[in-house]
Amino acid sequence: MITRSTSLSAHKASILSSTPGPKKREVSRNRCFQEAVELNEKVLPKSKKQKKNIHLTQVDCEPNGRPAEESPYSPPANWREIYNLIKEMRKERIAPVDWAGSEILGIDPNSGKLNQYHALIALMLSSQTKDQVVAEAMSNLRQRGLTIDSVLGMSDADLNACIRKVGFHNNKTKFIKAATEIIKNRYEGNLPPTVAGLCELPGVGPKMAYILARVAFGRVEGIGVDTHMHRILNVLGWVHSRTPEQTRKQLEAWLPREEWAEVNQLLVGLGQSLQQPPLRAGLLRLCINLFQAEEALELVVRLGGSLDAGEGEPCLVHAARPQALPLPPVVAVAPERTLAAFSTLHPARRRLPDLLSAPIMEATVPG
């Protein structure tokens, strides 16, 4: 029988001493963990001094008693089904990132070929700025030539005037000048060939570096994560992070590498479509024509997308009108299925058939 004078550390040592070999020591400690805790509660006085001398480590074990392998980020359940649905929702590629992203803006309109320096400048301008505004700033710069020499030859005031509509344009003016100088003097007018080298450029972080490595050099070394991706991935429960960089690390830990090249543009475009009303109307039109219409609309709501335009005609109703978009055969044959998809999601669900047949109202969201 163990009395109060019995030392817990001595008792634990006697248990562990029977373990044949150091490899099984942690397993034995794990098996006796609960027993040791119960012993602590029964035998030792609950004083702070004695508690400090107790050092118990619990080791996670598989059912067979072996220590479990560390895998903090496992693929979420059903992620593939949701990911494929997002691909269907984004198949038209009409979001700003699709026509004004860095990969597009990096193409020299004169030669039709990718200009790595242009892609870098577009990415540097894109931080905290809508792609449409970046496209306008790039047009302003191209009117001045947009070469390494032309940028270095411009005054800070002139460069700032060209990009004045982008977010943090004063800082970006300094970053562009400093980065361009490094490219000319240290890399002979070429971009740094590595992600580490790109991150050394002023104003360039991991997100930009990974995107640029793919766009400029054709190497997929990581995933560029922006605020749209960070929010969507956390809402889906695919990551649990506080910053985009934490999101990147968690996502890379489980997402198949063959998806890395596409996931940025896929989710960024989805985020843009959810937040900008004109794009949301187009997204909803696409959703209601999918075979998985109900699942697509549920995902829109789950990710914070509103089915209303705010004023005038509800966005969902406007999108569903045959005048706005011809219904495909699958919906024409079974219109009740499409209406059923709306019934659980829209406040006007009981009036939807009447709304669809009523005269067209002036919609806040354009067709």
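Residues numbered from 1 in each chain as written. Predicted model: local features only at pLDDT ≥ 70, side-chain atom pairs only at ≥ 80, totals over all residues. Heavy atoms only, no water.

Colleague: Sorry, what's going on with the packing of aromatic side chains here?
Modeller: Here a ring pair, both rings aromatic, is described through the centre-centre distance and the interplanar angle of the planes. This structure, assessed with the given rule, holds four aromatic pairs. Ring centres of tryptophan 79 and tryptophan 254 lie 5.2 Å apart, and the angle between their planes is 70°; this geometry places the pair in the edge-to-face category. Of the two residues, tryptophan 79 sits in helix H5 (residues 79-89) while tryptophan 254 sits in helix H16 (residues 244-254), which places them 175 residues apart along the sequence. Exposure remark for tryptophan 254: the relative accessible area of 7% places this residue in the buried category. Ring centres of tryptophan 238 and tryptophan 254 lie 5.8 Å apart, and the angle between their planes is 90°; this geometry places the pair in the edge-to-face category. Note that tryptophan 238 is positioned in the loop between helix H15 (227-236) and H16 and tryptophan 254 in helix H16, a separation of 16 residues in sequence. This pair shows no difference in class: tryptophan 238 is buried, exactly as tryptophan 254 is. (Phe/Tyr/Trp six-rings, centres within 6.5 Å; stacked < 30°, edge-to-face > 60°. Helix = DSSP H or I, 4+ residues; strand = E, 2+ residues; numbered from the N terminus. Buried < 20%, exposed > 50% of the residue type's maximum accessible area, 1.4 Å probe, protein only.)

Colleague: How should helix H19 (residues 293-302) be read in this particular structure?
Modeller: Each full turn of the α-helix corresponds to 3.6 residues, which orients residues three or four apart in the same direction. Along H19, the residues that are buried comprise Ala293, Ala296, Leu297, Leu299 and Val300. Buried positions in H19, seen along its axis, are confined to an arc of 155° and lie on one side of it. Immediately beyond the C-terminal end of H19, within one or two residues, lies glycine 304, with a positive phi of roughly 95°. (Arc of directions from axis to C-beta.)

Colleague: How should I be thinking about the side chain of glutamine 250 in this particular structure?
Modeller: The topology assignment puts glutamine 250 in helix H16. Excluding residues within four positions of it along the chain, glutamine 250 makes contact with Tyr73, Val239, His240 and Ser241. (Contact = heavy atoms within 4.5 Å.)

Colleague: Explain unusual backbone geometry to me, please; I cannot follow it from the model alone.
Modeller: For residues other than glycine, phi is negative in most cases, and the peptide bonds are mostly trans. If you check the backbone angles, asparagine 78 has positive phi at about 65° while not being a glycine. Residue position: asparagine 78 is located in the loop between helix H4 (48-52) and H5. The backbone phi angle of glutamine 128 is positive, close to 55°, even though this residue is not glycine. One can find glutamine 128 in the loop between helix H8 (116-126) and helix H9 (131-142).

Colleague: I'm lost on the pattern of salt bridges in this one. Help?
Modeller: Side-chain pairing between opposite charges can occur once the charged atoms of the two side chains come close. In the structure shown here, the tally under the stated rule is 15 salt bridges. Residue aspartate 149 is joined to lysine 184 by a salt bridge in which the shortest nitrogen-to-oxygen separation is 3.1 Å. Of this pair, aspartate 149 sits in helix H10 (residues 148-153) while lysine 184 sits in helix H12 (residues 169-186), and the two are 35 residues apart along the sequence. Overall, lysine 184 belongs to the partly exposed group, its relative accessible area being 40%. (Salt bridge = Lys/Arg side-chain N within 4 Å of Asp/Glu carboxyl O.)

Without other data, these values stay purely geometric and don't point to any function.
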